[in-house]
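# Coordinate inspection notes
Residues per chain are reported as follows:
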Amino acid sequence: MFARLIDVVHFDFTMKDNSKEYNLASGGGKLYITYDGLLLSDGESWYQIPLKEVKDIRNLDHDDPSLLLDMSSLNVFIRGSKANILSALRHYLLPYVR
């Protein structure tokens with residue numbers, strides 16, 4: 001499996017149910033890109049985000065550079081240290097999302 005380190009990030013997984021959101025997991029670690037998606041690792045656990053499940057990727061204007069990956073029942077919020085890297089990642093991935 002190919003995986004390339006993109007940035008050191010903080011991430012939050014939230015489940016969407018009707019108009020409510022529930023925090024599933026949060027952590028800090030590393031963001032990797034693979035052939036078919038993204039990987040997040042906090043050093044103990046690995047979280048795979050397949051691109052075929054992502055419906056939209058948005059840049060968010062917060063104090064830290066951030067992306068929001070919108071999936072059908074899950075949101076993944078990623079805050080990084082390099083705005084240019086996360087912005088370039090979004091532009092690179094957009095053609096692959098539904």
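Residues numbered from 1 in each chain as written. Predicted model: local features only at pLDDT ≥ 70, side-chain atom pairs only at ≥ 80, totals over all residues. Heavy atoms only, no water.

### A short note on the sheet that holds strand 5 (residues 54–61)
Pairing is antiparallel across the open sheet formed by seven strands, whose spatial order is 4-3-2-1-7-6-5. Looking at strand neighbours, the two that pair on one side only are strand 4 (46–50) and strand 5, the edges of this open sheet. Averaged over neighbouring strand pairs, the angle between their axes works out to 30° when direction is ignored. Examined bridge by bridge, strand 1 (residues 3–17) and strand 2 (residues 20–34) share 14 bridges and lie antiparallel to one another. Across the sheet, the residue bridging to Leu 5 is Tyr 32, located in strand 2. (Pairing = 2+ DSSP bridges. Helix = DSSP H or I, 4+ residues; strand = E, 2+ residues; numbered from the N terminus. Axes fitted to C-alpha atoms, helices over the stretch in contact; angles between N-to-C directions.)

### Let's talk about the side chain of Asp 7
Structurally, Asp 7 is set in strand 1. The buried charged residue Asp 7 lacks any salt bridge, with Lys 82 as its nearest oppositely charged partner at 4.3 Å. A polar contact is formed between the side chain of Asp 7 and the backbone nitrogen of Lys 82, at a distance of 3.4 Å. Discounting chain neighbours no more than four positions away, the residues touching Asp 7 are Gly 29, Lys 30, Leu 31, Gly 80, Ser 81, Lys 82 and Leu 86. (Buried < 20%, exposed > 50% of the residue type's maximum accessible area, 1.4 Å probe, protein only. Lys, Arg positive; Asp, Glu negative; His and termini not counted. Salt bridge = Lys/Arg side-chain N within 4 Å of Asp/Glu carboxyl O. Polar contact = N/O pair within 3.5 Å; in protein donor to acceptor, adjacent residues only side chain to side chain. Contact = heavy atoms within 4.5 Å.)

### Looking at the pairing of strand 3 (residues 37–41)
Burial analysis of strand 3 places five of its five residues in the buried class, the great majority of the element. Across four bridges, strand 2 lies against strand 3 in antiparallel orientation. Paired with Ile 33 across the strands is Leu 38, a residue of strand 3. The antiparallel hairpin formed by strand 2 and strand 3 contains two residues in its connecting segment. Bridge analysis of strand 3 against strand 4 gives five bridges, and the strand direction is antiparallel. The partner of Ser 41 across the bridge, within strand 4, is Trp 46. Where strand 3 hands over to strand 4, the hairpin turn is made up of four residues, of which Gly 43 adopts a positive phi near 100°.

Bear in mind that shape data such as this cannot, by itself, settle questions of function.
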